[in-house]
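Chain by chain, the residues run as shown.
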Amino acid sequence: MKGRGLDHFEVFGLPRRLGIDTAELQRKFYELSRRGHPDFHQGASPERQAEILEASARLNAAYRALRDPLARIEYLVRLEEGRDTREGATVKPKAPPELLEEMFEIQEALQEAKSAGQTGGLEAGAKETLATQRDRLRERYEQEEARLRGRLSQAWDSAGPADRAGALTAFKESLAVRAYLRTVIDDIDEALGGSPEGYVSHRRH
Amino acid sequence: MAYSDKVVDHYNNPRNVGSFAKDTPGVGTGLVGAPECGDVMKLQIKVNLDTGVIEDAKFKTFGCGSAIASSSLATEWLKGKTVDEAAKIKNTDIVNELKLPPVKIHCSVLAEDAIKAALADYREKSGSADAPASSK
C-alpha cells in the first residue's frame, strides 16, 4: 500500500514548498515513470499490476500539478484548505470592492456595446476601445501572475508556522483577482471575435 | 450539464433586470462576486421608507445561467417582504426552488450574499438618514 494517500509533493519526496526546480522535477518524473511503467510489470500479479497502474496515475497527476508554478499554487491552496476545513477555519477570499465595481462596469459597457452593434457585430469604434481595454487588462493579469509566482511564492516558502495563514490568504486573494480579470478578458475576447448574443456570454455553463 | 426547467425559464426570461440610482432614498445596493469563476452580481432593493417593505428589486448578473437564475429568483422573492423577512432568505431555499446541482450551489450562495449586502447597504444608509439631523 506504499504511496497511497500521498499528496503531490510527497509523491516526489518534496517538502510543501513552491520553489521547485522544474528541470530536477522533470528528471525525477522520468525516472519514477520508467521504474513504475506498467509495461515493465506484465508478469506481476493482478493486484500488483493494479497498484502499479494506480501509482502511475498518481505520479502523472502529481507532475501535472507541480510542473507549472501557478497550478502548483492552486494545488497548494487546495491542499492546505483541506486541512483547514477539518480544523474548521476556512476563510473566503475577499476581492477588493473597487475591483468588483470595475469588473461590473466593464461588463456593463461590454453589454451596451454588444446591444448597440446588434446586427453586424460590434461597431468599429467600440471594437477598438474594447481591444485597448483588453490589452490593459491582460497586462494586469500577467502582473498578477508574476506576483503569484514571485513575491507571494517566496513569502510562503519563507513563512514560519505563524505566517502561513497570512501567506495563504494572500494567495487566495491574488488568485481571485486573477480569476476576475480572466473572466472579463475572455468575455471581451468573445465579443470581439464572436457574434453578439444576449446580455450574457454562453461560454460559461 | 442539464439545467432544471426553472433555471432555463429564469435564464430566458430574467425578472427584474436593471438598476436603481444608488443614491435614491430607500435603495440598497449589493455588489458581490464569485472568485472561483469571476462572476459578478449586483442586486438592489427599493424600500418604502414609511412601511419598511421592499417595493421593488432589480439585478444585473454577469455570469452563468445558475447565477442569473438565482439572482432573478431572489428579486422575485424580495418584493413585498419587509427588510427583516428578506434577511431570512437562505441560499438553500434557492437551491431547492431551482434544483441546483452541487457544482452550482455557489451561485445560490452568491445570491444570498448579494441580498445581505443590499440589506446592509440599505440599513447603513437609512440609519444615517434617520439619525437626528443635528448637522443640518
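Residues numbered from 1 in each chain as written. Chains lettered and ligands numbered in written order. Predicted model: local features only at pLDDT ≥ 70, side-chain atom pairs only at ≥ 80, totals over all residues. Heavy atoms only, no water.

**Some words on the packing of helix α2 (residues 65-78) of chain B against helix α4 (residues 91-98) of chain B**
Think of two packed helices as two axes; the pair is described by the angle between the axes and how far apart they sit. All names here are of chain B. So the rule is basically this: Lines fitted to C-alpha atoms define the axes, with helix axes restricted to the stretch in contact, and inter-axis angles between N-to-C directions lie between 0 and 180 degrees. Counting from the N terminus, the helices are DSSP H or I runs at least four residues long and the strands are E runs at least two residues long. Throughout, the term roughly parallel applies to angles under 35 degrees, roughly antiparallel to angles over 145, roughly perpendicular to angles from 65 to 115, and oblique to all others. Any two residues whose heavy atoms approach within 4.5 Å are treated as being in contact. Here the term charged refers only to Asp, Glu, Lys and Arg, the term nonpolar to Ala, Val, Leu, Ile, Met, Phe, Trp, Tyr, Cys and Pro, and the term polar to all other amino acids, Gly among them.
Running from N to C, α2 and α4 cross one another at 110°; their axes reach a closest spacing of 10 Å. As judged from the angle between their axes, α2 and α4 are roughly perpendicular. Contacts between α2 and α4 involve A69, S70, L73 and W77 on the former and, on the latter, D93, I94, E97 and L98. In the contact of α2 with α4, the residues fall into five nonpolar, one polar and two charged.

**A look at the packing of helix α5 (residues 97-116) of chain A against helix α6 (residues 124-158) of chain A**
Residue and element names in this part refer to chain A. Note the following rule: Here a crossing is taken to be left-handed if its near helix is turned anticlockwise relative to the far helix by less than a right angle, and right-handed if that turn runs clockwise.
One can describe the packing of α5 onto α6 by two numbers: an axis separation of 11 Å at closest approach and a directional angle of 155°. By the angle between their axes, α5 is roughly antiparallel relative to α6. Crossing angle aside, the handedness with which α5 passes α6 is left-handed. For the pair α5 and α6, the contacting residues are L99, E102, M103, I106, L110 and A113 in the first and A126, L130, Q133, L137 and R140 in the second. Partitioning the contact of α5 with α6 into residue classes produces eight nonpolar, one polar and two charged.

**Focus on the environment of I115 of chain B**
Residues and elements named next belong to chain B. You can see I115 is positioned in helix α5 (residues 105-130). In sequence terms I115 and A87 are 28 residues apart; their C-alpha atoms lie 7.5 Å from each other. In this view, I115 contacts L43, A74, L78, A86 and I89; residues no more than four positions away in its chain are not counted.

Keep in mind these numbers describe shape, not what the thing actually does.
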